[in-house]
Amino acid sequence: MSTFTVCGVGKKMMKGWGLSPDAFIQLALQLAYYRIHHRPSVAVEYVSKRCHPLGRLDNVRSTTPQALQFLRHMDSSDVSPSDKLQWLKEASDAHTHQVKEVMWSYSTHSHLKALQYTAHQFNYPVPPFFLDTSYRRAFQFHVNSSQVPHEDEMYMCYPSEAIDGYSCPYIPHHDHVNFNILSMPGHLQESSSQLMASSLLSALDDMSRLCRHRLPDRV
């Protein structure tokens, strides 16, 4: 487990760059994982569906095509800072759009799971789609995370969903963000909370410097 606070960058600054704080942090998590493992993660963010009176939980799949393009271009010396920033903005917008869809019950994840559970409940033949290797891999989340809005100084904790993955709940504040990264120790040394934390700090710093140098502060 690695618990830490990132100071100097918070909701105010991210919004000042015209970016969603949640999307910014989600992309930083993916960039951190990408730099360690040299492949994109199967990332998921848990969100609350506020349109339901009693509340429901659903999943946002953060690894969008736009996010993948951002990851591939961010560390390339052949890509200009302006182009990197454009990829960042497109990935941020795509994530924000997907969050809104999920919050209004347009989640692909929930509908697929509902079909699968219905088949089991009523003893229908399970469609071959659900038995395909690619479908199983799509639900092996390397990074599971969630934004926890809270005014107090606190840290959340829950286990990673994959034995070689990371859980990364975070609490964004006005001028800082609290993180708690948890991984399962001893799994072939493939995952390390401390290594992920170090990579995340570097990703946040690089993305912040990119925005500071290329975007005026609107706040």
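Report on the accompanying structure.

About the criteria used
- Residues numbered from 1 in each chain as written.
- Predicted model: local features only at pLDDT ≥ 70, side-chain atom pairs only at ≥ 80, totals over all residues.
- Heavy atoms only, no water.
- Helix = DSSP H or I, 4+ residues; strand = E, 2+ residues; numbered from the N terminus.
- Buried < 20%, exposed > 50% of the residue type's maximum accessible area, 1.4 Å probe, protein only.
- Polar contact = N/O pair within 3.5 Å; in protein donor to acceptor, adjacent residues only side chain to side chain.
- Contact = heavy atoms within 4.5 Å.
- Phe/Tyr/Trp six-rings, centres within 6.5 Å; stacked < 30°, edge-to-face > 60°.
- 1 Å grid on protein atoms, 1.4 Å probe; cavity = no way out; pocket = protein on both sides within 12 Å on 5 of 7 lines; lining within 4 Å.
- Points joined across faces, edges and corners; volume = space filled by probe spheres on them.
- Nonpolar A, V, L, I, M, F, W, Y, C, P; charged D, E, K, R; others polar.
- Expected span 1.5 Å × (residues − 1).
- Salt bridge = Lys/Arg side-chain N within 4 Å of Asp/Glu carboxyl O.

## Structural notes on the side chain of Ser62
So, point 1. Mapped onto the elements of the fold, Ser62 is located in the loop between strand S3 (57-61) and helix H3 (65-74).
So, point 2. A relative accessible area of 2% places Ser62 in the buried class.
So, point 3. Polar contacts involving the side chain of Ser62 include one to the side chain of Gln26, which spans 2.8 Å.
So, point 4. Leave out the neighbours within four places in its chain, and Ser62 touches Gln26, Gln30, Ala43, Val44, Glu45, Ala67 and His95.

## A word on the packing of aromatic side chains
So, point 1. Scanning all chains against the criterion turns up nine aromatic pairs.
So, point 2. Pairing Tyr33 with Tyr166 gives two aromatic rings, centres 6.1 Å apart and planes at 85°, and the pair type is edge-to-face. Here Tyr33, found in helix H2 (residues 21-37), pairs with Tyr166, found in strand S5 (residues 166-172); they are 133 residues apart in sequence, far enough to count as distant. Taken individually, Tyr33 and Tyr166 each receive the classification buried, so the pair is uniform in this respect.
So, point 3. A network of ring pairs unites the aromatic residues Phe4, Tyr170 and Phe179 as a single cluster.

## Quick look at the layout of surface pockets
So, point 1. One number sums up the size of the second largest pocket: a volume of about 180 Å³.
So, point 2. If you trace the second largest pocket, you find 14 residues lining it, with Arg61, Gln98, Ser107, Thr108 and His109 closest to the centre.
So, point 3. Secondary structure elements with two or more residues in the lining of the second largest pocket: S3, helix H4 (81-103), helix H5 (108-121) and helix H6 (133-138).
So, point 4. Grouping the constituent residues of the lining of the second largest pocket by class yields seven nonpolar, five polar and two charged.

## A word on H2
So, point 1. Compared with the 24 Å implied by 1.5 Å per residue over 17 residues, the 25 Å span of H2 between its first and last C-alpha is a close match.
So, point 2. Burial analysis of H2 places 15 of its 17 residues in the buried class, which makes it a mostly covered element.
So, point 3. Residue His38 follows H2 closely and has a positive phi angle near 60°.

## Some details on the pattern of salt bridges
So, point 1. As enumerated under the stated definition, the model contains four salt bridges in all.
So, point 2. Measuring nitrogen to oxygen at the nearest pair gives 3.3 Å for the salt bridge that ties Asp205 to Arg209. Remark: Arg209 and Asp205 occur in helix H7 (residues 193-214); sequence separation between them is four residues, near one turn of the helix.
So, point 3. Judged by relative accessible area, which is 38%, Asp205 ranks as partly exposed.
So, point 4. What emerges from the salt-bridge pattern is a single network uniting Arg35, Asp75, Asp205, Asp206 and Arg209.

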